[in-house]
Amino acid sequence: MDTPFTILAIGDIVGKPGRNAVRDLLPALRERFNVDFVIANGENAAGGNGLTSALMEEFLALGIDVVTTGNHVWDNKDVEKIIDIEPRLLRPGNYPEGVAGRGHGIYQAGARGVRVCVANLMGRVHMAPLDCPFRAFDRIFLDVSGKADILIVDFHAEATSEKRAFGWYADGRASAVFGTHTHVQTADEEIQPGGTAYITDIGMSGSFNSVIGMDREKSVLRFLRQTKIKYDVATGDERLCGAVFRFSNEGRAVSVERIMLVK
Ligand SMILES: [Fe+2]
Ligand SMILES: [Fe+2]
């Protein structure tokens, strides 16, 4: 059997603890799984909110091939410097027409020159009312058919129902769909009947001594007081969460494995 093509997807990198975990754990992870291509969600990389051009450079230097984002993509204005000119940075593709940046790209990977299309989409349940992500996927699928060997989607959404519905909708068309945004990993990874690998959420990379990466006490106070107390990024118990996907030469998923590594 031909060697499978392996993609590692890393869940929302939250602040410095997330960046530390990725920096320290990625090299061994890459070797252990023979990783050919790395996708990471960077929407919370800059102090928990947004991404900067310097952090994007840092991620590329670590060997991350594509950085996806989500609802926090615009939180740090510095990202505007690169959102239009850096093809390896994606924002959800279902933002309305005219919004800066791009939602998908095709990247040549590995010695075999496998053409990987990465698409980033955002759900609409308990989130901003963007364009329909399902129909946006239809358009991306048409656009890249015949131009990419693998189509992998970061579906950034709050509701598990919307994510699972999208997984079924894309089954047989996407090679893999992974969810991000909730920062909590789900245990429902599977290869669907149509051949698409699926997991509702790959979890976050950051401090687990926290409420989804943020300081526990401040988070509890926010719920107790119902006021806008400013969050701080939590510290301690740094972990990397994600998933490893393997694909055949035809771009069909052959396996999906959840990853949670403690630094
Ligand atoms: Fe996030
Ligand atoms: Fe998010």
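On a predicted model such as this, the values are computed, not experimentally measured, just so you know.

Visitor: Teacher, can you tell me more about the coordination of the iron ion (ligand 2) here?
Guide: The reference angle at a metal is 109.5 degrees if four donors form a tetrahedron and 90 or 180 degrees if six donors form an octahedron. Distances from the iron ion (ligand 2) to its protein donors, namely Glu43 (OE), Asn71 (OD1), His156 (NE2) and His181 (ND1), fall within the range 2.1 Å. Angles of 88 to 143 degrees at the metal separate the 4 donor atoms of the iron ion (ligand 2), which places the site in the irregular class. Sequence positions of the residues that donate to the iron ion (ligand 2) give the spacing E-x27-N-x84-H-x24-H.

Visitor: Please explain the nonpolar core as it appears in this structure.
Guide: Generally speaking, soluble globular proteins have nonpolar side chains that are buried together. Counting 51 residues, the largest nonpolar core has Ile10, Leu51, Val153 and Phe166 as the members making the most contacts within it. Here the element with the most residues in this core is helix H1 (residues 15–33); it accounts for 6 residues. Beyond its immediate sequence surroundings of up to four residues, Ile10 is in contact with Val22, Leu26, Val38, Ile39, Ala40, Asn41, Ile202, Ser205, Leu240, Cys241 and Gly242. Val66, Val116, Ile152 and Ala253 belong to the second largest nonpolar core, which has 24 residues in total.

Visitor: Just to check I follow, could you spell out the packing of aromatic side chains for this structure?
Guide: One pair of aromatic rings is described through two measures. These are the centre distance and the angle between the planes. The full count for this structure, using the stated rule, is 10 aromatic pairs. Their ring planes at 70 degrees and their centres at 5.5 Å tell us that Phe134 and Phe166 sit as a pair that is edge-to-face. Placement of Phe134 in helix H3 (residues 133–144) and of Phe166 in helix H4 (residues 160–170) is noted, with a sequence separation of 32 residues between them. For the pair Phe134 and Phe166, a shared accessibility class is recorded, and that class is buried. On the basis of an interplanar angle of 35 degrees and a centroid distance of 6.1 Å, the ring pair of Phe178 and Phe245 is categorised as tilted.

Visitor: Looking at this model, I keep getting lost on the side chain of Ser53. Mind explaining?
Guide: Within the secondary structure layout, Ser53 lies in helix H2 (residues 53–61). Judged by relative accessible area, Ser53 falls into the buried class, the value being 16%.

Visitor: Help me understand the coordination of the iron ion (ligand 1), please; the structure alone is not making it clear to me.
Guide: On the protein side, the iron ion (ligand 1) has Asp12 (OD), Glu43 (OE), Asn44 (OD1) and His183 (NE2) as donor atoms, found 2.1 to 2.2 Å from it. Mapped onto the polypeptide sequence, the residues donating to the iron ion (ligand 1) form the spacing pattern D-x30-E-N-x138-H. The metal-metal distance between the iron ion (ligand 1) and the iron ion (ligand 2) comes to 3.5 Å, with Glu43 coordinating both. Residue Asp12 is found in the loop between strand S1 (5–10) and H1, and its partner Asn44 is found in the loop between strand S2 (37–41) and H2; the two are separated by 32 residues along the sequence.

Visitor: I keep staring at the packing of H3 against H4 and nothing clicks. Help me out?
Guide: Between two packed helices, the angle of one axis relative to the other and the distance separating the axes together describe the packing. Closest axis-to-axis distance for the H3/H4 pair is 11 Å, and the angle between their directions is 30 degrees. Here H3 lies roughly parallel to H4, going by the angle between them. In this structure, H3 meets H4 at a crossing whose hand is right-handed. Contacts between H3 and H4 involve Pro133, Phe134, Phe137 and Asp138 from the former and Glu162, Ala165, Phe166, Tyr169 and Ala170 from the latter. Of the residues contributing to the contact of H3 with H4, the split by class is 7 nonpolar, no polar and 2 charged.

Visitor: Sorry if this is basic, but what is going on with the pattern of salt bridges here?
Guide: Think of it this way: side chains of opposite charge can pair up when their charged atoms draw near. Throughout the structure, instances matching the rule amount to 16 salt bridges. Between Arg173 and Asp138 there is a salt bridge, with the nearest N and O atoms lying 2.9 Å from each other. Taken together, the positions of Arg173 in the loop between H4 and strand S7 (176–180) and Asp138 in helix H3 put the pair 35 residues apart, joining distant regions of the chain. Measuring nitrogen to oxygen at the nearest pair gives 2.9 Å for the salt bridge that ties Arg164 to Asp188.

Visitor: How should I be thinking about the pairing of strand S4 (residues 104–109) in this particular structure?
Guide: Each regular strand displays side chains that alternate between the two surfaces of the sheet. What you see with S4 is a clean split: Gly105, Tyr107 and Ala109 sit on the buried side and His104, Ile106 and Gln108 on the side with no burial. Relative to strand S5 (residues 114–122), S4 runs antiparallel, the two sharing 6 bridges. Residue Gln108 lies in a different strand from S5, and its bridge partner there is Arg115. The hairpin formed by S4 and S5 contains 4 residues between the paired strands, and Gly110 there has a positive phi angle of roughly 70 degrees.

Visitor: Mind showing me how you'd approach the layout of surface pockets here?
Guide: Any empty space left between the atoms is revealed when a probe the size of a water molecule rolls over them. The space that makes up the largest pocket amounts to roughly 430 Å³. Taken together, 20 residues form the lining of the largest pocket, with Gly48, Asn49, His72, Met214 and Tyr231 sitting closest to its centre.

Visitor: Just to check I follow, could you spell out H1 for this structure?
Guide: The periodicity of an α-helix, 3.6 residues per turn, causes residues three or four places apart in sequence to face the same way. Look at H1: 26 Å from first C-alpha to last across 19 residues, which is about the 27 Å you get at 1.5 Å a residue. Of all the bends in H1, the largest measures some 45 degrees and sits at Leu25, one to four residues before the proline Pro27. What H1 keeps buried is the set Gly15, Pro17, Gly18, Arg19, Asn20, Ala21, Val22, Leu25, Leu26, Leu29 and Phe33. The elements touched by buried residues of H1 are S1, H2, strand S10 (206–207), strand S11 (238–247) and strand S12 (253–262).

Visitor: Is there a simple way to think about H2 in this case?
Guide: All buried positions along H2 are accounted for by Ser53, Leu55, Met56 and Phe59. Angularly, the buried residues of H2 cover 160 degrees about the axis, an arc narrow enough to put them on a single face. Along H2, the residues that are exposed and aim more than 90 degrees away from the buried face are Ala54, Glu57 and Ala61. Summarising the contacts, the buried residues of H2 are in contact with H1 and strand S3 (66–68).

Rules used throughout
- Residues numbered from 1 in each chain as written.
- Chains lettered and ligands numbered in written order.
- Predicted model: local features only at pLDDT ≥ 70, side-chain atom pairs only at ≥ 80, totals over all residues.
- Heavy atoms only, no water.
- Donors = N, O, S within 2.8 Å, 3.2 Å for Na, K, Ca; no water.
- Tetrahedral: all angles 85-135°; square planar, octahedral: opposite > 155°, others 65-115°.
- Core = buried A, V, L, I, M, F, W, Y, C linked by side-chain atoms within 4.5 Å.
- Buried < 20%, exposed > 50% of the residue type's maximum accessible area, 1.4 Å probe, protein only.
- Helix = DSSP H or I, 4+ residues; strand = E, 2+ residues; numbered from the N terminus.
- Contact = heavy atoms within 4.5 Å.
- Phe/Tyr/Trp six-rings, centres within 6.5 Å; stacked < 30°, edge-to-face > 60°.
- Axes fitted to C-alpha atoms, helices over the stretch in contact; angles between N-to-C directions.
- Parallel < 35°, antiparallel > 145°, perpendicular 65-115°, else oblique.
- Left-handed = near helix turned anticlockwise from the far one by under 90°.
- Nonpolar A, V, L, I, M, F, W, Y, C, P; charged D, E, K, R; others polar.
- Salt bridge = Lys/Arg side-chain N within 4 Å of Asp/Glu carboxyl O.
- Pairing = 2+ DSSP bridges.
- 1 Å grid on protein atoms, 1.4 Å probe; cavity = no way out; pocket = protein on both sides within 12 Å on 5 of 7 lines; lining within 4 Å.
- Points joined across faces, edges and corners; volume = space filled by probe spheres on them.
- Expected span 1.5 Å × (residues − 1).
- Bend = angle between axes of the 7 residues up to and from the residue.
- Arc of directions from axis to C-beta.

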